Amino acid sequence: MSETSSITIDVVSDVVCPWCFVGHKRLERALKLAPDVEAEIRWRPFQLDPTIPPEGKERKAYMAAKFPNQEQLRQSHAQLRSLGEAEGISFDFDAIAVSPNTLDAHRVIRWAGTAGEAVQSRVADELFSRYFERGENTGDRAVLIDAAKAAGMDAAVVETLLPTDTDVEAVKAEITTASRMGITGVPCFVIESRYALMGAQDAETLADAIRQIAGAKARGELDDEPEAAKH
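This one's a predicted model, so the numbers in the text were calculated from it and none came from an experiment.

A. Spotlight on the overall build of the protein. Assigned secondary structure in the protein consists of nine helices and six strands. What you see for the protein is a C-alpha radius of gyration of 18 Å, in line with the 17 Å of a compact globule of 231 residues. Dimensions of the protein, computed from C-alpha atoms along their principal axes, come out at roughly 50 × 45 × 30 Å. The burial tally for the protein puts 49% of its 231 residues in the buried class. Considering only contacts in the protein between residues 6 or more positions apart, those separated by 24 or more positions represent 77%.

B. Structural context of the sheet that holds strand β5 (residues 188-191). Strand order in the open sheet made by the four strands is β2-β1-β5-β6, with mixed pairing throughout. Edge positions in the sheet fall to β2 (37-45) and β6 (195-198), since each has one partner strand and no second. Sheet twist, expressed as the mean angle between neighbouring strand axes with direction ignored, is 25 degrees. Looking at chain direction, β5 and β6 are connected through four bridges and run antiparallel.

C. Quick look at the nonpolar core. Core analysis: the biggest nonpolar cluster contains 64 residues, and Ile9, Val108, Val123, Met153 and Ile210 have the highest contact counts within it. For this core, the element with the most residues is helix α9 (residues 203-218), which contributes eight residues. Other than its neighbours up to four places away in sequence, isoleucine 210 contacts Ile7, Ile9, Leu27, Ala30, Leu31, Ala34, Val37 and Ile191.

About the cut-offs
- Every chain is numbered independently, its residues counted from 1 as its sequence is written.
- Per-residue local features are limited, in this predicted model, to residues with pLDDT of at least 70; the limit for side-chain atom pairs, both in listing and counting, is 80 or more; totals at the level of whole chains, interfaces and linings are taken over all residues.
- Side-chain metrics in this entry use all non-hydrogen atoms of the structure; hydrogen atoms and water are not considered.
- A run of H or I in DSSP becomes a helix once it reaches four residues, and a run of E becomes a strand once it reaches two; helices and strands are each numbered from the N terminus.
- With the radius of gyration taken over C-alpha atoms, the globule rule is written as 2.2 Å times the number of residues to the power 0.38.
- Each residue's exposure class comes from its accessible area (1.4 Å probe, protein chains only) as a fraction of the maximum for that residue type: buried when under 20%, exposed when over 50%, partly exposed otherwise.
- Here a residue-residue contact requires only that any non-hydrogen atoms of the pair lie within 4.5 Å.
- DSSP bridges decide pairing: two strands pair if at least two such bridges lie between them.
- Angular values range over 0 to 180 degrees, each being the angle between N-to-C directions of two axes fitted as lines to C-alpha atoms, with helices fitted over their stretch in contact.
- Take the buried residues of types Ala, Val, Leu, Ile, Met, Phe, Trp, Tyr and Cys, join any two whose side-chain atoms come within 4.5 Å, and each joined set is a nonpolar core.

If you want it as structure tokens, here you go:
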């Protein structure tokens, strides 16, 4: 494409999903591979386990119950560490002490969106990094406030809002909407509210999809009816 085209990409993810962290980094690379496309990135919430209590659960016991086959879990972590290295991620699964409930984290990411797309992506990246690379408890409100500040948000606003119920129902409603769209796993990249790419696709695959959909939009060829649920 010789002219710049614009599209929206909704990134449906959970901040305790390692594949979402990989997918986030791959999306960043994909956008660099498609410089003629101007993409508006919007982060959308998903909870892998909404039943985790607000205080979280002890990580080792939680993972042992969730994945009885510990050898399979070790292999999965080894694979993720290898894939992470290729994306500049230093996964340190052993450093994680708490499996948190991520509802508050998603509220913070939602508020970051009001400060701009770049701030929202920085907050998401900060939360991924703190959890997976530093083992911080991203269900702890003090950690969330510090992460928000590090990413350029107004920490005082976050500190004021977190103890309230602000946007709790809005975040839950978005998660319900994702389920109704047929999204059962993350990451999921929904382009132009029509086309969904499931999983941590490689950067080249993402870039190709972005270019194709942006081109179709520029030519006026996109369907009128959203089709995200069909993909």
